[in-house]
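# Fold and contact review
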Amino acid sequence: MVPIVTRWLLALCLIGVAGRTVNAEPLAPLLKTLDLRGYPERAAVPAFSGGTLEGHRLSMADHRGKVIVLNFWATWCVECRSEMPALERLQREFAPRGFAVLGVNVRENKDVIARYVKQLGLTFPVVLDPDGKINVLYGVIGLPATFVVGRDGRAIAFAIGPRDWYGAAGRALMQALLDEPAPGPGVR
Amino acid sequence: MARKADFKRFEGLGIQNLGVSANLTFSQQTFAESLKLPYPLLSDFPERKVIRSYGVLNEKTMTANRAFFLVDPQGIVRKKWIIENGTTTVVYGDRLLPEILEVIGKR
């Protein structure tokens, strides 16, 4: 029994549902400018593996040691479309330094996704999540939702809704994270 | 999220809202932030002890069925509302409140 002795308690059991978060360390001003929610301590990101548009398997572990921007999106999401060009620019500028944008498309048909990706000229990998399992794993209930992950594979911050990822603060954040040392061999 | 809108009303009655699910704290954080929930969510992952002990574990999906439990200050469950599986209907405080008031004697 839950030991609540001073107050009545209404406990809800929820199918999908945390804790308070605060901005973190010297990155805080950048997180604030971008209106990102920082994790009080860098949080281990849930592991997942999914198929890509090209038919490969992709997992977060494949990108260990990189700074990752993990973006959940869908073609019907107007706000997702608005931030796609910025994500693509980030990918093109920072990929050579150990950076990756990973898109997770939520519950859409492969052909629909492929047309959209071609139309917008996206070059970053897109993981398909046809049954929404990755979506649930990350607690995403609205799009776009974006998680920023450091070289140590731990999440630094997340955003619900679109952001100016290629603006001055976005680029400065990625630069700062890329300047952090990569974990040694065997360190997740 | 019905409970968010009703939060002040429950708070005024001395009722603490808590959410429990079988999700990771990581996903709960995203969920809570998305909805700007004003009350805590508790992760019962991976054991699902609380969910099971309250009898609302869906063994097939290993998730919690939707349910509400009213627990008194002595830790006794005084009322429960089990929402039928697959129901997506939002449960508003308007439905729960009269029954809660009756149980806590503030009618």
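Since the structure is predicted, the reported quantities are computational estimates derived from the model, not experimental observations.

In this structure the tally under the stated criterion is 13 salt bridges over all chains. One continuous salt-bridge network, built from bridges that share partners, spans R37(A), E33(B) and K36(B).

With that settled, the discussion passes to the interface of chain A and chain B. It is common to give the size of an interface as the accessible area lost on bringing the parts into contact. Between chain A and chain B, the contact holds 37 residues from the first and 50 residues from the second. Where chain A abuts chain B, roughly 4000 Å² becomes buried across the two surfaces, and 64% of that area is made up of carbon and sulfur atoms. At the junction of chain A and chain B, the tally comes to 1 salt bridge. For the salt bridge of R37(A) with E33(B), the shortest nitrogen-to-oxygen distance reads 2.7 Å. Summed over the shared surface of chain A and chain B, the result is 3 residue pairs in polar contact (both at pLDDT 80 or more). Listing elements by their share of the side of chain A that touches chain B, those giving two or more residues are β1 (8-13), β2 (37-44), α4 (133-137) and β9 (154-160) of chain A. The element best represented in the side of chain A that touches chain B is β1(A), accounting for 6 residues. In terms of residue class, the side of chain A that touches chain B is made up of 29 nonpolar, 5 polar and 3 charged.

Cut-offs applied
- Residues numbered from 1 in each chain as written.
- Chains lettered and ligands numbered in written order.
- Predicted model: local features only at pLDDT ≥ 70, side-chain atom pairs only at ≥ 80, totals over all residues.
- Heavy atoms only, no water.
- Salt bridge = Lys/Arg side-chain N within 4 Å of Asp/Glu carboxyl O.
- Contact = heavy atoms within 4.5 Å.
- Buried area = accessible area lost by both parts, 1.4 Å probe.
- Polar contact = N/O pair within 3.5 Å; in protein donor to acceptor, adjacent residues only side chain to side chain.
- Helix = DSSP H or I, 4+ residues; strand = E, 2+ residues; numbered from the N terminus.
- Nonpolar A, V, L, I, M, F, W, Y, C, P; charged D, E, K, R; others polar.

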